[in-house]
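# Understanding the architecture of this molecule
Now for the letters of each chain:
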Amino acid sequence: MCRSIKTLRPPVLPEEATEEDIHAAALQYVRKVSGFRAPAAHNREVFERAVEAVAAATAELLGDLEVRGAARRAG
């Protein structure tokens, strides 16, 4: 199943994005960029590393964003 990447920050998403939300968006991004829904065995490791890197960058971005009119997260 191919999911569309959705906005993961408030106020579009009323609560904080979960790790599952972030991973799903990262997976969709890597699928779109690579052109593969699932990689061949010889590309699986690099595909999974890319998903993890995109997920980490996404989590960092969401953690550092300041949304006007919203209280800043503690942490």
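Residues numbered from 1 in each chain as written. Predicted model: local features only at pLDDT ≥ 70, side-chain atom pairs only at ≥ 80, totals over all residues. Heavy atoms only, no water.

Further remarks concern the nonpolar core. L8, L13, I22, A25, A26, L27, V30, F47, V51, A55 and L62 form the largest nonpolar core, which has eleven residues in total. Broken down by secondary-structure element, the contributors of at least two residues to this core are helix 1 (19-34) and helix 2 (44-64). It is helix 1 that provides the largest number of residues to this core, a total of five residues. (Core = buried A, V, L, I, M, F, W, Y, C linked by side-chain atoms within 4.5 Å. Buried < 20%, exposed > 50% of the residue type's maximum accessible area, 1.4 Å probe, protein only. Helix = DSSP H or I, 4+ residues; strand = E, 2+ residues; numbered from the N terminus.)

Before going further, it helps to examine helix 1. Each α-helix turn comprises 3.6 residues. Residues three or four places apart therefore point the same way. A rise of 1.5 Å per residue sets the reference length of helix 1, with its 16 residues, at 22 Å; its end C-alpha atoms lie 22 Å apart and thus fit the reference within 8%. All of the buried residues along helix 1 are D21, I22, A24, A25, A26, L27, Q28, V30 and R31. Of the residues flanking the end of helix 1, it is G35, one or two places downstream, whose phi is positive at about 80°. (Expected span 1.5 Å × (residues − 1).)

Along the chain, A38 turns up in the loop between helix 1 and helix 2. Considering only alpha carbons, one finds A38 and L27, eleven residues apart in sequence, at a separation of 9.8 Å.

With that out of the way, let us pick up the pattern of salt bridges. Summed over the entire model, instances satisfying the criterion amount to two salt bridges. D21 is the salt-bridge partner of K6, the closest N and O atoms lying 3.9 Å from each other. Of the two residues, K6 is situated in the segment before helix 1 and D21 in helix 1; the sequence distance between them amounts to 15 residues. Overall, K6 belongs to the partly exposed group, its relative accessible area being 40%. The residue R49 makes a salt bridge to E45 at a minimum N-O spacing of 3.0 Å. Linking R49 with E45, this pair stays in helix 2, spanning four residues, or about one helical turn. (Salt bridge = Lys/Arg side-chain N within 4 Å of Asp/Glu carboxyl O.)

Right, let's get into a nonpolar patch on the surface. On the surface, I5, Y29 and V33 cluster together to form a nonpolar patch covering roughly 300 Å² of accessible area. Residue placement: V33 occurs in helix 1. Owing to a relative accessible area of 57%, V33 belongs among the exposed residues under this scheme. (Patch = residues over 30% accessible without salt bridge, like charges linked within 9 Å, V, L, I, M, F, W, Y side chains within 5 Å. Areas by Shrake-Rupley, 256 points an atom, 1.4 Å probe, with all protein chains shown as cover.)

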